[in-house]
Amino acid sequence: MATSKKLMDWQHYDKDNKNYNFVIAKHNKTNKIHAILGFYPTSHFDKSIQHIDLALAIWKVRDDIKAAGLGLTLMNYLVSQKHPRSLYGIGVNPRVIPIYKYMGYDIGVMNHYYIANEQKKNFHLIGNFDGRYNSETIINGNGKKLIRYEKSDYLNSSEKITNFVSELRLPAKSHNYLYHRYYCHPIYNYHVYGLMNQNCIIGFIVLRLCSYNSNHALRIVDYFGHNDGLSGIFGELHRLLQDYDAEYIDFYNIGIEEKILSASGFIKRDSKCEVIIPSYFEPFEKRSVDLIFTYKCENNFNFSVCKADGDQDRPNIIL
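Presented here is a report on the structure given in the accompanying data block. The model shown is predicted, which means the values in this text are computed figures rather than measured ones. (Residues numbered from 1 in each chain as written. Predicted model: local features only at pLDDT ≥ 70, side-chain atom pairs only at ≥ 80, totals over all residues. Heavy atoms only, no water.)

**A look at unusual backbone geometry**
Glycine aside, negative phi is the norm for most residues, and most peptide bonds take the trans geometry. Operational definition: Here a helix means four or more residues in a row that DSSP labels H or I, a strand means two or more in a row labelled E, and each is numbered from the N terminus. When a residue's accessible area, from a 1.4 Å probe over protein chains only, is under 20% of the maximum for its type it is buried; when over 50% it is exposed; and in between it is partly exposed.
Put simply, Glu 282 and Pro 283 share a cis peptide bond, and its omega is 0°. Looking at where Pro 283 falls in the secondary structure, it is placed in the loop between strand 15 (267-269) and strand 16 (292-297). Phi at Asn 199 takes a positive value of approximately 70°, unusual for a residue other than glycine. With respect to the element layout, Asn 199 can be found in the loop between strand 11 (191-197) and strand 12 (200-212). Even without glycine at this site, Asp 245 takes up a positive phi of about 50°. When you line up the elements, Asp 245 lands in the loop between helix 6 (234-243) and strand 14 (246-254). Residue classification places Asp 245 among the partly exposed positions, given a relative accessible area of 41%.

Written out as structure tokens, the structure reads:
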């Protein structure tokens, strides 16, 4: 973010207001920046979204600044200016958990699910493999299919998706949101698949292929659709594992019931699991990662987030 203006502008520059989505604290006398808080609303990728759902990004007070409560002041200022319906962060630093709790935010660890490729016997990315390739509660999806949508196909699908846009789901997403967030990314190449049921679109799954030493992993970074649409698609997911020659497919999320994902073969990995499902590829680290999340939202909403809803699915190395 500090070296690529292209990436910074794509994620944080508000073209309409001609400023960056950051709150900053500057010293009155020296004019030097002492603290920053980055954010972006879902409307950053679709201006027609009316509700204000804010994802938090980098939140940092300079190490040499000893102004008590400066970081909290930035957060309070952001809330007072934007009045968000929901505010959330993924990949929270454990050191700031007490601050979020003080502000009344919910804190937890994102659910992490995976399916290992049954055609693989030797794994180079996965560690401590215990022989479980998938769950034991797979059901038949009754003809559900995953169809890859190229950019032109996706643009022509907008009139077909209104049946699964939920007004009660947070954060707000839309057809245009997915287009600008994934098809227009300046660096990453995302793969968008339509989830079909009897020739009707019931959702979209967004994938990204990660590789290390010619070994591959498929990462589901976003899902847009009814949660139960993800049930019973093990055959299709395993087909993708073969198509991409990937060792595993994984999925970080909050808000989707375990029984739905288990019905598609996903195994839930938690902190007690010895199987290593790597998350970091830039650079590669052979270890599992627990992503801490936090959120606060208005009542009576289904809060459901995936890894790419925050700033966890962005480049760390730009070649």
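**Some thoughts on the pairing of strand 5 (residues 53-61)**
For clarity, the cut-off: Only strands that DSSP links by at least two bridges are regarded as paired with each other. Handedness of a crossover is defined as follows: orient the strands so they point away from the viewer, and if the path from the first strand over the helix to the second runs clockwise, the crossover is right-handed.
Summarising the sheet, strand 4 (residues 33-41) and strand 5 pair through six bridges and their orientation is antiparallel. Considered in strand 5, the bridge of Ala 35 is made with Val 61. As paired strands, strand 5 and strand 6 (residues 86-90) are joined by three bridges and run parallel to one another. By the bridge assignment for strand 6, Asp 53 is matched with Ser 86. Crossover strand 5 to strand 6 through helix 2 (residues 70-82) is right-handed.

**What about the packing of aromatic side chains?**
Put simply, the test is: Side-chain rings of Phe, Tyr and Trp, where Trp is taken by its six-membered ring, are said to pair if the distance between their centres is within 6.5 Å; with planes under 30 degrees apart they count as stacked, over 60 as edge-to-face, and otherwise as tilted. Geometrically, a lysine NZ or arginine CZ counts as sitting over a ring once it is within 6 Å of the ring centre and also within 35 degrees of the ring normal.
One pass over the structure, following the stated rule, counts 22 aromatic pairs. Look at Trp 59 and Tyr 100: their rings are 5.4 Å apart centre to centre, the planes differ by 70°, and that puts the pair in the edge-to-face class. Of this pair, Trp 59 sits in strand 5 while Tyr 100 sits in helix 3 (residues 97-102); the two residues are 41 residues apart in sequence, bridging distant segments of the chain. As far as the burial class goes, Trp 59 and Tyr 100 line up, both buried. The ring of Tyr 188 has Arg 208 sitting right over it, with the charged end atom 3.8 Å from the ring centre.

**A closer look at the pattern of salt bridges**
Opposite charge on two side chains permits pairing when their charged atoms draw close. Selection criterion: Definition used for salt bridges: Asp or Glu carboxyl oxygen within 4 Å of a side-chain nitrogen of Lys or Arg.
Overall, the coordinates contain 17 salt bridges when judged by the stated rule. Arg 219 is the salt-bridge partner of Asp 250, the closest N and O atoms lying 2.6 Å from each other. On the criterion of sequence distance, the pair formed by Asp 250 in strand 14 and Arg 219 in strand 13 (residues 215-225) is long-range, its members being 31 residues apart. Take Asp 250 and Arg 219: they sit in the same class, and that class is buried. Asp 243 is paired through a salt bridge with Arg 239; the nearest N and O atoms lie 3.3 Å apart.

Shape is all these values report; function is a separate question.
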